[in-house]
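Residue-level structure breakdown
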Amino acid sequence: MRWNNVPEVNMTAAIERENAGDNLISLQDSGAEQVSERLLRSAARLSRNAMTEIDWSLPMDPDKYGCSPEWSSLYGTDYWDELTHEQRVDLTRHEFASIMNIGIWFEMILQEMVLRDQYVGDYHSSEFQFALVEIADECRHSLMFAKASEKMVGTSYHPHPKIAQLGKSFKLLARNEVAYAGILVAEEVLDVFQRGCMRDERVLPFIRTVNEIHVLEESRHMKFAREQVRESVDGIGWARRQFSALSVAAGAYLIVSSLIQPKAYADAGLDVKRALAERRDNGHFHSMIRSSCGHLMEFLDEVGLLTKPAMHYYRKAHMI
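Residues numbered from 1 in each chain as written. Predicted model: local features only at pLDDT ≥ 70, side-chain atom pairs only at ≥ 80, totals over all residues. Heavy atoms only, no water.

Quick word on empty space enclosed by the protein
What the rule picks out here adds up to 1 cavity of 30 Å³ or more. For the largest cavity, the calculated volume is near 170 Å³. Forming the walls of the largest cavity are 16 residues, and the residues nearest its centre are Gly103, Phe106, Ala186, Glu187 and Leu190. Breaking the lining of the largest cavity down by element, the ones donating at least two residues are α5 (85-117), α6 (126-152), α8 (176-197) and α9 (205-233). Looking at which element gives the most residues to the lining of the largest cavity, the answer is α5, with 6 residues. (1 Å grid on protein atoms, 1.4 Å probe; cavity = no way out; pocket = protein on both sides within 12 Å on 5 of 7 lines; lining within 4 Å. Points joined across faces, edges and corners; volume = space filled by probe spheres on them. Helix = DSSP H or I, 4+ residues; strand = E, 2+ residues; numbered from the N terminus.)

Some points on the nonpolar core
Ranked by size, the top nonpolar core spans 89 residues in total, and within it Met152, Ile207, Tyr314 and Met319 carry the most contacts. A per-element tally of this core places α5 first, with 13 residues. (Core = buried A, V, L, I, M, F, W, Y, C linked by side-chain atoms within 4.5 Å. Buried < 20%, exposed > 50% of the residue type's maximum accessible area, 1.4 Å probe, protein only.)

Observations concerning the side chain of glutamate 187
In this structure, glutamate 187 sits in helix α8. Of the side chains with opposite charge, arginine 226 lies nearest to the buried glutamate 187, which makes no salt bridge, at 7.6 Å. (Lys, Arg positive; Asp, Glu negative; His and termini not counted. Salt bridge = Lys/Arg side-chain N within 4 Å of Asp/Glu carboxyl O.)

Some remarks on the pattern of salt bridges
Oppositely charged side chains can form a pair if their charged atoms are brought close together. Considering all chains together, one arrives at 17 salt bridges under this definition. Among the salt bridges present, the one from aspartate 267 reaches lysine 263, with a minimum N-O distance of 2.9 Å. Of this pair, aspartate 267 and lysine 263 both sit in helix α11 (residues 262-267), separated by 4 residues, roughly a single helical turn. According to the relative accessible area criterion, lysine 263 is partly exposed, its value standing at 38%. For the salt bridge of arginine 274 with glutamate 278, the shortest nitrogen-to-oxygen distance reads 3.0 Å. Here arginine 274 pairs with glutamate 278, and both are found in helix α12 (residues 272-280), just 4 residues apart, close to one helical turn. The buried category is assigned to glutamate 278, whose relative accessible area is 18%. Here the residues in one salt-bridge network are Asp137, Arg140, Glu217 and Arg220, joined through shared partners.

Concerning the packing of α5 against α9
Running from N to C, α5 and α9 cross one another at 35°; their axes reach a closest spacing of 14 Å. Here α5 runs over α9; the crossing is left-handed. Taking contact as the criterion, the partners of Phe96, Met100, Glu107 and Asp117 in α5 are, on α9, Ile207, Val210, Asn211, His214, Glu218 and Gln228. A per-class count over the contact of α5 with α9 returns 4 nonpolar, 3 polar and 3 charged. (Axes fitted to C-alpha atoms, helices over the stretch in contact; angles between N-to-C directions. Left-handed = near helix turned anticlockwise from the far one by under 90°. Contact = heavy atoms within 4.5 Å. Nonpolar A, V, L, I, M, F, W, Y, C, P; charged D, E, K, R; others polar.)

Some points on the packing of aromatic side chains
Enumeration over the complete set of coordinates arrives at 9 aromatic pairs. Each ring, one from tryptophan 56 and one from phenylalanine 206, has its centre 5.8 Å from the other, and the planes form 70°; the classification is edge-to-face. Of this pair, tryptophan 56 sits in the loop between α3 (50-53) and α4 (78-82) while phenylalanine 206 sits in helix α9; the two residues are 150 residues apart in sequence, bridging distant segments of the chain. Comparing tryptophan 56 with phenylalanine 206, the two get one shared label, buried. Members of the aromatic cluster, joined through ring pairs, are Trp71, Phe96 and Phe193. The ring of phenylalanine 206 is capped by lysine 151, whose NZ or CZ atom sits 5.6 Å from the centre of that ring. Seen from the ring of tyrosine 253, lysine 316 lies directly overhead, with NZ or CZ sitting 4.8 Å from the centre. (Phe/Tyr/Trp six-rings, centres within 6.5 Å; stacked < 30°, edge-to-face > 60°. Lys NZ or Arg CZ within 6 Å of the ring centre and 35° of its normal.)

Details of the environment of phenylalanine 285
Here phenylalanine 285 is to be found in helix α13 (residues 283-302). Given the relative accessible area of 12%, phenylalanine 285 is considered buried. The spatial distance from the C-alpha of phenylalanine 285 to the C-alpha of tyrosine 265 is 16 Å, given a sequence separation of 20 residues. Apart from residues no more than four positions distant in its own chain, phenylalanine 285 is found in contact with Trp71, Ser72, Ser73, Ile260 and Arg279.

A look at the packing of helix α2 (residues 32-46) against α9
In contact at an axis separation of 10 Å, α2 and α9 are set at 175° when each is read in the N-to-C sense. In this view, α2 runs roughly antiparallel relative to α9, as classed from their interaxial angle. Contact residues: Ala32, Val35, Ser36, Arg38, Leu39, Ser42, Ala43 and Leu46 in α2; Leu216, Glu217, Arg220, Lys223, Phe224, Glu227, Gln228 and Glu231 in α9. The class makeup of the residues in the contact of α2 with α9 is 7 nonpolar, 3 polar and 6 charged. (Parallel < 35°, antiparallel > 145°, perpendicular 65-115°, else oblique.)

Some words on α8
Because an α-helix packs 3.6 residues into every turn, residues spaced three or four apart end up facing the same way. Between its first and last C-alpha atoms α8 spans 32 Å; for 22 residues at 1.5 Å apiece the expected length is 32 Å, and the two agree. With 18 of 22 residues buried, α8 is to be regarded as a mostly interior element. (Expected span 1.5 Å × (residues − 1).)

The structure is reproduced here in structure tokens:
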């Protein structure tokens, strides 16, 4: 569906081109500079702007979900079976609003880490220039998520204050592979979730467009992050590798466990205590999270950041 007079983008073809380019990069064993050159060209061709592409004034179809119902944290539970269609729709809208708001929180952390990493960098380099493109993309994504959650539910969600404080510490202390692998964790998990929802006609059309834009542009960010991680871990010692792997895993646990805030259940009119209990024991939701993390775990294993201590946190978050 096209919203304005914006050129239509074939999402499948665009993503396939991105993936084909990523495979070529791997075969050629290119470094961050070569990767960044290609990503700059991709950004120039395929970047999109939700502020002009989406007509935010259009009314919402009351029967459309906020995300595919199968991605609801309560799908498959007794509680879900008791809900009416209207309650299920309302629940998915609040859940996805929570996910988008936590995405804003982490994208703000990401922007600060990337900007700090490129401080007094080589301004002439493609790596520096793509880092600025990524920061600009994340600013637009945060605005897009804020606008979408405002339209869908009219409220904001934030991580628990203690986790928010840990996030402040993470963005101040994280460097090199810890920073970029942490970025990758958040982006990979959300990417698979959004791919599963962006073509689902049961989902609100403007939310599908939000998902399409984010999936396309984050594919570039993930390639950049993977290359930064590869270069950072090259030749590091055992102790640093163990520390980095554990730091990334602990951060991943905090991110994944924060995606759907308890307030989202309350705002949807549910019994928060029961909803949290059913989510905790929901095997279907756990399997959906694991399915979204397969590629991520393969990459972390490839670069030596999937250690036994780290796997404890990934299992705790049902990521493996």
